[in-house]
Amino acid sequence: MTAPSATPIPAATLVLFRAGAGAPELLFVERSRAMAFAGGALVFPGGRVDPGDRALATSYDGDSDDVSARIAAIRETLEEVGVPVGLPPLAATDLAAMRAALQAGVPLGTVLDGLPLALDALVPFSRWCPSHAPARIFDTRFYLVELPEGAPAPIVDDTENVRVFWATAQAVLDAADAGQATVIFPTRRNLERLAQFASFAAAAEDASRFPQRTVTPWVENRAGVAHLCIPDDLGYPVTAEPMRDAVRG
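A quick note: this is a predicted structure, and the numbers were derived from the prediction, not measured.

Peer 1: How should I be thinking about the overall build of the protein chain in this particular structure?
Peer 2: The number of helices and strands found in the protein chain is 7 helices and 10 strands. Computed over C-alpha atoms, the radius of gyration of the protein chain comes to 18 Å, within 12% of the 18 Å expected from 2.2 N^0.38 for 249 residues, which places it in the range of a compact globule. With the C-alpha coordinates of the protein chain rotated into their principal frame, the extents come out at 60 × 45 × 35 Å. Every one of the 249 residues in the protein chain was classed for burial, and the buried ones make up 49%. A fraction of 63% describes how many contacts in the protein chain between residues 6 or more apart in sequence connect residues 24 or more apart. With an accessible surface of roughly 11600 Å², the protein chain has 53% of that area assigned to carbon and sulfur atoms.

Peer 1: Would you mind going over unusual backbone geometry with me for this structure?
Peer 2: Glycine aside, the phi torsion of most residues is negative, and most peptide linkages are trans. Backbone geometry places Asp113, a non-glycine residue, at a positive phi of 50°. Within the fold, Asp113 resides in the loop between helix H4 (108–112) and strand S5 (123–128). Positive phi, close to 55°, is recorded for Ala223, a residue that is not glycine. Note on placement: Ala223 falls in the loop between strand S8 (218–222) and strand S9 (225–229).

Peer 1: Please clarify how the side chain of Glu80 should be interpreted in this entry.
Peer 2: Along the chain, Glu80 turns up in helix H2 (residues 64–81). Classification of Glu80 by relative accessible area gives buried; the value is 3%. If sequence neighbours within four positions are ignored, Glu80 has contacts with Val29, Pro45, Gly46, Arg99, Ile155, Val156, Asp157, Glu160 and Asn161.

Peer 1: Would you explain the sheet that holds S9 in this entry?
Peer 2: Sheet strands pair by backbone hydrogen bonding; their relative direction is either parallel or antiparallel. Within the open sheet, the 3 strands sit side by side as S8-S9-S10. Their pairing is antiparallel. If you trace the sheet from one side to the other, it starts and ends with S8 and strand S10 (240–242), each paired once. The mean inter-strand angle of the sheet, taken between neighbouring strand axes irrespective of direction, is 35°. Of the pairings in the sheet, the one linking S9 to S10 comprises 3 bridges and is antiparallel in character. Among the inter-strand pairings, Cys229 is bridged to a residue of S10, identified as Ala240.

Peer 1: Would you take a moment to explain the nonpolar core for this structure?
Peer 2: Nonpolar side chains in soluble globular proteins tend to be buried together. In this structure, Ile71, Val85, Leu117 and Leu122 are the most contacted members of the largest nonpolar core, which totals 35 residues. Within the residue set of this core, elements represented by two or more residues are strand S1 (9–18), strand S2 (25–31), helix H1 (51–57), H2, helix H3 (92–103), H4, strand S6 (138–146) and strand S7 (161–167). Setting aside chain neighbours within four positions, we find Val85 in contact with Leu14, Leu16, Ile74, Thr77, Leu122, Val145 and Pro148. Residues Phe165, Ala175, Ala203 and Ala207 belong to the second largest nonpolar core, which totals 34 residues.

Peer 1: Help me understand the side chain of Asp206 in this model?
Peer 2: Within the element layout of this structure, Asp206 appears in helix H7 (residues 200–207). At 3.5 Å, the side chain of Asp206 forms a polar contact with the side chain of Arg193. Discounting residues that sit within four places of it in the chain, Asp206 has contacts with Arg193 and Phe197.

Peer 1: Any chance you could explain the pairing of S9 here in plain terms?
Peer 2: On a regular strand, each side chain points to the face opposite its neighbour's, so the side chains alternate between the two faces of the sheet. Alignment of S8 against S9, held across 5 bridges, turns out to be antiparallel. Its bridge partner being in S9, Glu220 is matched across the sheet by His227. The hairpin formed by S8 and S9 contains 2 residues between the paired strands, and Ala223 there has a positive phi angle of roughly 55°.

Peer 1: What's the story with H2 in this structure? I'm lost.
Peer 2: Within an α-helix, residues lying three or four positions from one another point in the same direction, as the helix has 3.6 residues per turn. The end-to-end C-alpha distance of H2, which contains 18 residues, comes to 26 Å, matching closely the 26 Å that a straight helix rising 1.5 Å per residue would cover. The buried count for H2 comes to 16 of 18 residues, which makes it a mostly enclosed element. The N-cap of H2, judged by a side-chain oxygen 3.2 Å from the amide nitrogen of Asp65 a few residues on, is Asp63. Directly beyond the C-terminal end of H2, a positive phi value near 75° is found at Gly82.

Peer 1: I would appreciate a short explanation of the pattern of salt bridges in the present structure.
Peer 2: Between side chains of opposite charge, a pair can form as their charged atoms come close. Applying the stated criterion across every chain, the model contains 17 salt bridges. Between Arg189 and Glu192 there is a salt bridge; the shortest N-O distance is 2.8 Å. One end of the pair, Arg189, and the other, Glu192, are both in helix H6 (residues 185–194), 3 residues apart, so they sit about a helical turn from each other. Among the charged side chains, a network of salt bridges with common partners joins Asp50, Asp53, Arg75, Glu76 and Glu79.

Definitions and limits used
- Each residue is numbered by its place in its chain's sequence as written, counting from 1.
- The predicted origin of the model limits local features to residues at a pLDDT of at least 70 and limits the giving and counting of side-chain atom pairs to 80 or more, whereas totals for whole chains, interfaces and linings rest on all residues.
- Side-chain numbers here rest on the full set of heavy atoms in the structure, without hydrogens or water.
- Each helix corresponds to a stretch of at least 4 residues labelled H or I by DSSP, and each strand to a stretch of at least 2 residues labelled E; elements are numbered beginning at the N terminus.
- Atoms counted for the radius of gyration: C-alpha only. Globule rule: 2.2 Å times residue count to the power 0.38.
- Buried means the residue's accessible area, taken with a 1.4 Å probe over protein chains only, is under 20% of the maximum for its type, while exposed means over 50%, and partly exposed covers the values in between.
- Whether two residues are in contact is decided by their heavy atoms, any of which lying within 4.5 Å being enough.
- Here the open area of atoms and residues is found with the Shrake-Rupley method and a 1.4 Å probe, where only the protein chains shown may cover a residue.
- Criterion used throughout: strands pair if DSSP finds at least two bridges between them.
- Axis lines are fitted to C-alpha atoms, over the contacting stretch for helices. Their N-to-C directions set the angle, which ranges from 0 to 180 degrees.
- In this description, a nonpolar core means a group of buried Ala, Val, Leu, Ile, Met, Phe, Trp, Tyr and Cys residues linked to one another through side-chain atoms lying within 4.5 Å.
- Each polar contact in these results corresponds to two N or O atoms within 3.5 Å; when the atoms are within protein, one needs to be able to donate a hydrogen and the other to accept it, and residues that are neighboring in sequence are counted only if both atoms are side-chain atoms.
- Multiplying one less than the number of residues by 1.5 Å gives the expected span of a helix.
- The working definition used for a salt bridge is a side-chain nitrogen of Lys or Arg within 4 Å of a carboxyl oxygen of Asp or Glu.

Here it is in structure tokens:
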């Protein structure tokens, strides 16, 4: 077994909103069961911050860790599902070429070739850094963003992920409760929070009311039952779950 990583790996994920018939819909990917982290789970597009993201971040003002994470979230979303966020309008052929270059390992700064990123389109929502992972620990920043007007339909990368789809937060929670989907503990807590909002604007407004304090779940005995817990002052409607029910990545 791989030894646990002593240092959490910076990562970022993008919660992409579009208007639905009732509640807003969010973009999900289903991870390949072969993946070491969260294999088979439904998650939002995202991944680790890479050196190219950090290099590009030096071109923008702001906290370097936050800027690097925003860039990583944009890059990973383009790589994984082909949706351009924070970019000017692009022809389909140009977008496909950019995605192919990123998937081949070309840094985003090189791919952009001077095109600016609208990093302020991303709204900080939460930051999670679980401490239990047997092989690696991710320090993940979650950002909210609206689907850009005219954005193409998402197409799964079919490597790390096997499916991409739109659904409401509540629909995914219901599927998990029915045993039809796998949702890990951080995703479930974020979905419960997101299910409260009738629009992107409402979710963004709520996010602005709470500090971006890192959430590291802990185990606590409650009435003789071990629970996995999170702080109760960060906007989450559910802050504890019995360990027997919790799905950890």
